[in-house]
Amino acid sequence: TPSFQLHAPNAGELAEIDVLADMQYWETHANYGWVFVTDSSDGWDFPTSESQVYPPRLILHSNSPLPSPAPTPGFLSEDITTGVDCEVRDDAPDSAHSSAATISVDLSNGGAVTEGLLKFDLPSDLTPVLATLTLTTTSSSTGTVSAYKMTTAWDADVTWNSFNGGGVQMGT
């Protein structure tokens, strides 16, 4: 079951996605981030953390009071824009694609199947009550983009063949 889906995202659209359930899951399980897949061959693109314009953002809000002495009373909030993200491609199965400015999620990107991976380093001292992932669409799609929690560790050097030669299989 996907963590969330984007239906026919349009270029320039800002998606604000409630990801609190995943943050709560990762409080007791390893955080391996998300894999993005699509059912469409017209693709969907979003900027990476390396992008200077609209990188992915994870905003966490907690009921934990700010440390004392705080200048004003309030609650802890984290705005995370750095993470690890990359694209894996079946036409370059042994190549890492982690330095691009955008990630493509497509069934036929120049003839290639591409999947996107994204994860953030989560603060261990924060128990969120609100969690929002913000992604900006840079290329429209008529399809549905689905995000699934990853259950396998990966890093910026991951390739298509890192996942038994078939890209990310749901459940891995």
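Look above for the structure.
S.K.: Can you tell me about unusual backbone geometry, naming the residues and giving the values?
M.R.: Even without being a glycine, Ala-8 presents a positive backbone phi close to 50°. For Tyr-54, which is not glycine, the phi torsion reads 55° and is therefore positive. With respect to the element layout, Tyr-54 can be found in the loop between strand S4 (44-47) and strand S5 (57-65).

S.K.: Which residues make up the pairing of strand S2 (residues 14-18), and what values do they have?
M.R.: Every other side chain in a regular strand lies on the same face of the sheet, so the side chains alternate between the two faces. Only one face of S2 is covered, namely the one carrying Ala-15 and Ile-17; the face carrying Leu-14, Glu-16 and Asp-18 has none of its residues buried. As defined by bridge partners, S2 adjoins strand S10 (residues 128-136) across 5 bridges and the pair is classed as antiparallel. In the strand pairing of S10, Ala-15 is matched with Leu-135.

S.K.: Now, about the environment of Thr-102: what can you tell me, with residues and values included?
M.R.: In this structure, Thr-102 sits in strand S8 (residues 102-109). Sequence separation between Thr-102 and Gly-116 is 14 residues; the distance between their C-alpha atoms is 9.7 Å. Aside from chain neighbours lying at most four places away, what touches Thr-102 is Phe-46, Pro-47, Thr-48, Glu-87 and Thr-138.

S.K.: Could you give an account of the side chain of Glu-87, naming the residues involved and the relevant values?
M.R.: With respect to the element layout, Glu-87 can be found in strand S7 (residues 83-89). When its relative accessible area of 7% is taken as the criterion, Glu-87 is described as buried. Here Glu-87 is in contact with His-97, Thr-102, Ile-103, Ser-104, Thr-114 and Glu-115, once residues within four sequence places are set aside.

Here is what the cut-offs are and how they apply
- Counting restarts for each chain: residues are numbered from 1 in the order of the written sequence.
- Only residues with pLDDT of at least 70 are given local features in this predicted model, and only at 80 or more are side-chain atom pairs given and counted; all residues enter the totals for whole chains, interfaces and linings.
- Side-chain measures were taken over the full set of non-hydrogen atoms in the model, leaving aside hydrogen atoms and water.
- Strands here are runs of E lasting at least two residues and helices are runs of H or I lasting at least four, both read from the DSSP assignment and numbered beginning at the N terminus.
- Accessible area is worked out with a 1.4 Å probe on protein chains only. A residue is then buried under 20% of its type maximum, exposed over 50%, and partly exposed in between.
- Strands qualify as paired when DSSP identifies two bridges or more between them.
- Contact criterion: two residues are considered in contact whenever any of their non-hydrogen atoms come within 4.5 Å of each other.

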